[in-house]
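Tertiary structure, described
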Amino acid sequence: EQVWSVNANVALVAAMEGKLADLPVGRALDVGCGEGGDAVWLAERGWRVTALDVAEGALARGRHAAEARGEKVAGNIEWVHSGLLEAGLAPGLFNLVSAFYPALRKTEEKAIELSLPPLVAPGGVLLVVAHDGIDRAAALERGFDPDDYVAPDVDAYVIGEDGAVE
């Protein structure tokens, strides 16, 4: 059953219609796409989206939601069942890499954090939105230790023409 709405995250819509409105439509990577609300929204606007998630059931629901929006939308999304590090994504391929509330486990060598910026094409954007002020005690009671997961300190990076993070 559908767990989340098929709507795009309001933070993605706000960013894309505001601060990132001038970002040219191109290729997008939706890290931890879940049921595909963001991927579908981007595809409706002409983006070619790689929707990546480890949850096969969520990907199936996302695929169904995209198909319900029509062949053009469904054809603009590639659904990938994989973890980020295992996906074998090409560096510099994406004009937009978005990760909204990702559950990305920390590694000692910071593999996750270091893997995201190289995926962004020069002039592209890495947009990461995370929860602020998680109640650690409540999370631990539910068996979730927030300290085990990547928590970014900033919400957007612009990769310059020279590949440097701005």
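Residues numbered from 1 in each chain as written. Predicted model: local features only at pLDDT ≥ 70, side-chain atom pairs only at ≥ 80, totals over all residues. Heavy atoms only, no water.

Details of helix 1 (residues 10-17)
Listing the buried residues of helix 1 in full gives Leu12, Val13, Ala15 and Met16. Along the axis of helix 1, the buried residues cluster in a sector spanning 165°; they form a single face. Opposite its buried face, helix 1 presents the exposed residues Val10 and Glu17, each directed more than 90 degrees away. Packing partners of the buried residues in helix 1 comprise helix 2 (37-44), strand 4 (94-100) and strand 5 (120-129). (Buried < 20%, exposed > 50% of the residue type's maximum accessible area, 1.4 Å probe, protein only. Helix = DSSP H or I, 4+ residues; strand = E, 2+ residues; numbered from the N terminus. Arc of directions from axis to C-beta. Contact = heavy atoms within 4.5 Å.)

Things to note about the pattern of salt bridges
What the rule picks out here adds up to 3 salt bridges. A salt bridge links Arg61 to Glu35, with the shortest nitrogen-to-oxygen separation between them at 2.4 Å. Of the two residues, Arg61 is situated in helix 3 (residues 56-68) and Glu35 in the loop between strand 1 (27-31) and helix 2; the sequence distance between them amounts to 26 residues. Note that Glu44 is salt-bridged to Arg45, the shortest N-O span being 3.4 Å. Glu44 gets classed as partly exposed once you look at its relative accessible area, which sits at 35%. Through salt bridges that share partners, Glu44, Arg45 and Arg69 make up one connected network. (Salt bridge = Lys/Arg side-chain N within 4 Å of Asp/Glu carboxyl O.)

As for the packing of helix 1 against helix 2
Following both chains from N to C, one finds helix 1 and helix 2 inclined at 30°, their axes separated by 10 Å at the closest point. Classified by the interaxial angle, the pair formed by helix 1 and helix 2 is roughly parallel. In this structure, the crossing between helix 1 and helix 2 has a hand that is right-handed. For the pair formed by helix 1 and helix 2, the contact residues are Leu12, Val13, Met16 and Glu17 on the first element and Asp38, Trp41 and Leu42 on the second. A per-class count over the contact of helix 1 with helix 2 returns 5 nonpolar, no polar and 2 charged. (Axes fitted to C-alpha atoms, helices over the stretch in contact; angles between N-to-C directions. Parallel < 35°, antiparallel > 145°, perpendicular 65-115°, else oblique. Left-handed = near helix turned anticlockwise from the far one by under 90°. Nonpolar A, V, L, I, M, F, W, Y, C, P; charged D, E, K, R; others polar.)

Quick word on the pairing of strand 1
With 4 of 5 residues buried, strand 1 lies mostly within the body of the structure. The pairing of strand 1 with strand 2 (residues 48-53) spans 5 bridges and is parallel. By the bridge assignment, Asp30 is partnered in strand 2 with Ala51. With helix 2 bridging strand 1 and the parallel strand 2, this β-α-β connection has right-handed handedness. Pairing of strand 1 with strand 4 involves 4 bridges; the strand directions are parallel. Within strand 4, the residue paired with Asp30 across the bridge is Ser98. (Pairing = 2+ DSSP bridges. Right-handed = clockwise from strand over helix to strand, strands pointing away.)

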